[in-house]
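Here's the letter readout for the chains.
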Amino acid sequence: MLDKHGKIERNSFLLLFLTVIVVSIGGLVEIVPLFRVETTIEKVEGMRPYTPLELAGKSIYIREGCYTCHSQQIRPLRDEVERYGHYSIAAESMYDHPFQWGSKRTGPDLARIGGKYSDDWHVAHMIDPRSVVPESIMPAYAFLARRGARLHDIDRHMRALQRIGVPYTDEMIENAYWDAMTQASNDPYEADALRSRYGDNVNIRDFDGNPNKTTELDALIAYMQVLGTLVDFKTYQEAQ
Amino acid sequence: MKKKTDKTEKASRTGPEIDKHSGVETTGHEWDGLKELNNPAPRWWLWIFLLTVIWSIWYWVMYPSWPTLSGHTEGLYGWTQHKQLKEQQAEILQRQQAYLEAFRAMPLDGIAEHEELYRFALAGGASAFKDNCAACHGIDAAGMSHYPNLNDDAWIWGGSLEDIYESIKYGIRSEHNETRYSEMPAFGADGILNRQEILDVTDYVLSLSGLAAENLRGAEIYREQCASCHGMDGRGDRSVGAPDLADAIWLYGSSRDAVYSVIYHSRNGVMPHWDGILSEDRIRQLTLYVHSLGGGE
């Protein structure tokens, strides 16, 4: 049987036919499961889409290439769970487009950075990483504290996400700009409306220590502080 | 048998196919006088190839591999990464079990007296500290600007085991419902004091540690505005987290500018809560560790 390849190689139609069969098997195995990918997403409590401010922060995270040094995926390995907390589950990144799992850890994993450090720490760390972590090799991002967050078209970003399945309501999209301004305020005028849309545990405060302006640093820290905090693991049934 | 007939047929059709020098059959193709020998693949290569095929079949059977419409084949071993993690965690827990039961049952001050349990707590606390606390308090717990030194005797919210436990578990001005909380007014930004008044009280506060001459106007403002929390003598009040102003320890710097800025804007430093992030065991270990660093009361 093994010496029949000569015949196959000499008959181009037979070769084409058999090649198509082999490639199809590979294709089916790799592509068909993608259509069933929702079956791999756990049913969890607490997961919600990002608020407009957090979404703006995520865009900055992507723009600055944070993912090239920081992963957002805690693997189910003992030492990682010991260090970072519960391993990441699919549901936690189901609203991420694109997801930020990353594949390189020059810096630590950030999947559960939310709530671990104070806003004040994040501000100091972004402006000058060495001021709080002397051995850090992270670049400084001081300019984020000066630049206003890009919020004028955040509703359109949300609309695009809505079209690919993120459950933003039209109400959320219509109020996107003011929701973002509200979230970054120490003295929020519309806090209840924001909470009614995104839940009671939305962090509402001035994140960057500059209450006069909603900066990129506000957005980025709002995003950092929500990472990994949404899923309620008390009600989560672990996978076998 | 059949093979031979094929060969002889081919030979009769296309002429001699055996290469004279090597005695190996050629493919019959010719390019400008060059001919390709039809050597078989090396045996060792063929065997490795076949072995990998056999290995992959074994792998498909034993491990999760092929996708199905509603999931994937489980494999005879029933292996999953999550199971492996649980087993490894159970193994560590097993090893710690000797200590954990007694550790959980005993109050914090009892553990501090118990040599073996104390060592267990400090080891766990030291490693958790590096992972979670060192980013602000420093790897040696010496703190830095904005973040208190945990090695010294100066405590803002108290240095007893219970106090440290509460600070770690619920945090300070954190998002936790039971967080320790107090708020110093922004005397300048909120328009309570004017510039000159703040300068006077700045001098008075500095004078408490001998860094400025006594300022009588400042002393009066201090008595009216600051003493209710920081005390008439400036020794602070731990029940509201008002730092001691007379101990020459400065969280935000001791320059006139720095103190002025604290009074003008207020600070209200935040420590996150660790309840829900770290386990109860870990929080208790950390409490004992921080308490052991030198300033525990």
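Structure first, text after, so check above.
Just so we're clear, the structure is a prediction, and the values are computed from it rather than from any experiment.

Cut-offs applied
- Residues numbered from 1 in each chain as written.
- Chains lettered and ligands numbered in written order.
- Predicted model: local features only at pLDDT ≥ 70, side-chain atom pairs only at ≥ 80, totals over all residues.
- Heavy atoms only, no water.
- Salt bridge = Lys/Arg side-chain N within 4 Å of Asp/Glu carboxyl O.
- Helix = DSSP H or I, 4+ residues; strand = E, 2+ residues; numbered from the N terminus.
- Buried < 20%, exposed > 50% of the residue type's maximum accessible area, 1.4 Å probe, protein only.
- Pairing = 2+ DSSP bridges.
- Contact = heavy atoms within 4.5 Å.
- Buried area = accessible area lost by both parts, 1.4 Å probe.
- Polar contact = N/O pair within 3.5 Å; in protein donor to acceptor, adjacent residues only side chain to side chain.
- Nonpolar A, V, L, I, M, F, W, Y, C, P; charged D, E, K, R; others polar.

A.B. asks: Help me out: how do you make sense of the pattern of salt bridges in this one?
C.D. replies: Two side chains of opposite charge can pair, provided their charged atoms sit close to one another. Summed over the entire model, instances satisfying the criterion amount to 26 salt bridges over all chains. The closest approach of N and O atoms between B:Asp200 and B:Arg217, which form a salt bridge, is 3.5 Å. Remark: B:Arg217 occurs in helix H8 (residues 216-230) and B:Asp200 occurs in helix H7 (residues 195-208); sequence separation between them is 17 residues. Judged by its relative accessible area of 4%, B:Asp200 is buried. Ionic pairing is found between B:Arg256 and B:Asp203, a salt bridge with its closest N-O pair at 2.8 Å. A residue pair is termed long-range when its members are at least 10 positions apart, and B:Arg256 in helix H9 (residues 256-265) and B:Asp203 in helix H7 qualify at 53 residues. Within the structure, one salt-bridge network assembled from shared partners comprises A:Arg63, A:Glu64, A:Arg147 and A:Glu216.

A.B. asks: When you look at the pairing of strand E2 (residues 34-37) of chain B in this model, what are you seeing that I'm missing?
C.D. replies: Side chains on a regular strand alternate between the two faces of the sheet. All names here are of chain B. Sheet analysis places strand E1 (residues 26-31) next to E2, joined by three bridges and oriented antiparallel. In the sheet register, Thr26 faces E2, and the bridge partner there is Leu37. Between the end of E1 and the start of E2, which pair antiparallel, lie two residues, with Asp32 showing a positive phi angle near 45 degrees.

A.B. asks: Just checking my understanding: could you explain the interface of chain A and chain B for this structure?
C.D. replies: In many reports, interface size means the accessible area that the parts give up when they come together. Across the contact, 25 residues belong to chain A and 29 residues belong to chain B. Summed over both sides, the interface of chain A with chain B buries roughly 2,700 Å², with 55% coming from carbon and sulfur. Along the contact surface separating chain A from chain B lie three salt bridges. Between B:Arg282 and A:Glu82 there is a salt bridge whose closest N-O contact spans 2.3 Å. Here chain A and chain B share five residue pairs in polar contact (both at pLDDT 80 or more) between them. Among the secondary structure elements, those contributing two or more residues to the side of chain A that touches chain B are helix H4 (78-84), helix H5 (119-127) and helix H6 (129-132) of chain A. Considering each element in turn, the side of chain A that touches chain B owes the most residues, four residues, to H4(A). The class makeup of the residues in the side of chain A that touches chain B is ten nonpolar, five polar and ten charged.

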